[in-house]
Amino acid sequence: MKNKVILLASDQLGKGDKDLGEGVLETFFTILKQKEELPVAVFCMNSGVFTLTERSLVSLQLKELEAKGVELLACKTCVDYYEVENQLVAGKISGMAQFIELASTYEVLTLS
C-alpha cells in the first residue's frame, strides 16, 4: 500500500447486502491497519464520508490508521450534501483539488 491513496466512494464494499458490504469494508481496514506499509491517505467521497462518523464501525479502524500517520480526508461537497460535518469523528474536510493533487502524485486504489 506504500505510495497509494485509497479513494473510498461508499460506506460498504461491493454491491449487494448492505450489512455484508459494511462488514467486508471493516475487515479490509482491520487487516490494512496491521500492515507495515500503509497508504498515504484515504479520501472519502459520496457515502464514503459516513465511514468517518460514529454511525460506522469502520470509523474505529480509520481512526487507528490516522493515528499511524495516514491522512483521512472527507470530500467537502459530500459532507455538506449529507449534512455530517458535526458528526465526523476522524479525518478532516478537504476538497476535490486536494484529491486531484494526491492522484497526480500517488497511485489510486478505488473502493466502492
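What counts as what
- Residues numbered from 1 in each chain as written.
- Predicted model: local features only at pLDDT ≥ 70, side-chain atom pairs only at ≥ 80, totals over all residues.
- Heavy atoms only, no water.
- Pairing = 2+ DSSP bridges.
- Helix = DSSP H or I, 4+ residues; strand = E, 2+ residues; numbered from the N terminus.
- Axes fitted to C-alpha atoms, helices over the stretch in contact; angles between N-to-C directions.
- Contact = heavy atoms within 4.5 Å.
- Buried < 20%, exposed > 50% of the residue type's maximum accessible area, 1.4 Å probe, protein only.
- Right-handed = clockwise from strand over helix to strand, strands pointing away.
- Parallel < 35°, antiparallel > 145°, perpendicular 65-115°, else oblique.
- Left-handed = near helix turned anticlockwise from the far one by under 90°.
- Nonpolar A, V, L, I, M, F, W, Y, C, P; charged D, E, K, R; others polar.

**Student:** An account of the sheet that holds strand 3 (residues 71-75) is requested, with residue identities and associated values reported.
**Tutor:** Judged by pairing direction, the sheet is parallel, and its 5 strands sit side by side in the order 4-3-2-1-5 without closing on themselves. Two strands lie at the open edges of the sheet, namely strand 4 (92-94) and strand 5 (107-111), each paired on one side alone. Adjacent strand axes in the sheet meet at a mean angle of 30° when their direction is disregarded. With 3 bridges joining them, strand 3 and strand 4 adopt parallel strand pairing. Each bridged residue has a counterpart across the sheet, and for A74 the counterpart in strand 4 is I93. Sheet strands touched by helix 1 (residues 18-32): strand 1 (4-8), strand 2 (41-44) and strand 5. Its angle to strand 1, the strand with the most contacts, is close to 160°.

**Student:** An account of the pairing of strand 1 is requested, with residue identities and associated values reported.
**Tutor:** The element strand 1 is extensively covered by neighbouring structure, given that 4 of its 5 residues are classed as buried. Across 4 bridges, the pairing between strand 1 and strand 2 is parallel. Considered in strand 2, the bridge of L7 is made with F43. Chirality of the crossover, the property in question, places the unit of strand 1, helix 1 and strand 2 among those that are right-handed.

**Student:** If you had to explain the packing of helix 1 against helix 2 (residues 58-67) to someone new, which residues and values would you point to?
**Tutor:** In contact at an axis separation of 9 Å, helix 1 and helix 2 are set at 20° when each is read in the N-to-C sense. Of the possible angle classes, the one that applies to helix 1 and helix 2 is roughly parallel. By crossing handedness, the relation of helix 1 to helix 2 is classed as left-handed. Together, E22, L25, E26, F29, T30 and L32 of helix 1 and V58, Q61, L62 and L65 of helix 2 make up the contact between the two elements. Residues of the contact of helix 1 with helix 2, tallied by class, amount to 6 nonpolar, 2 polar and 2 charged.

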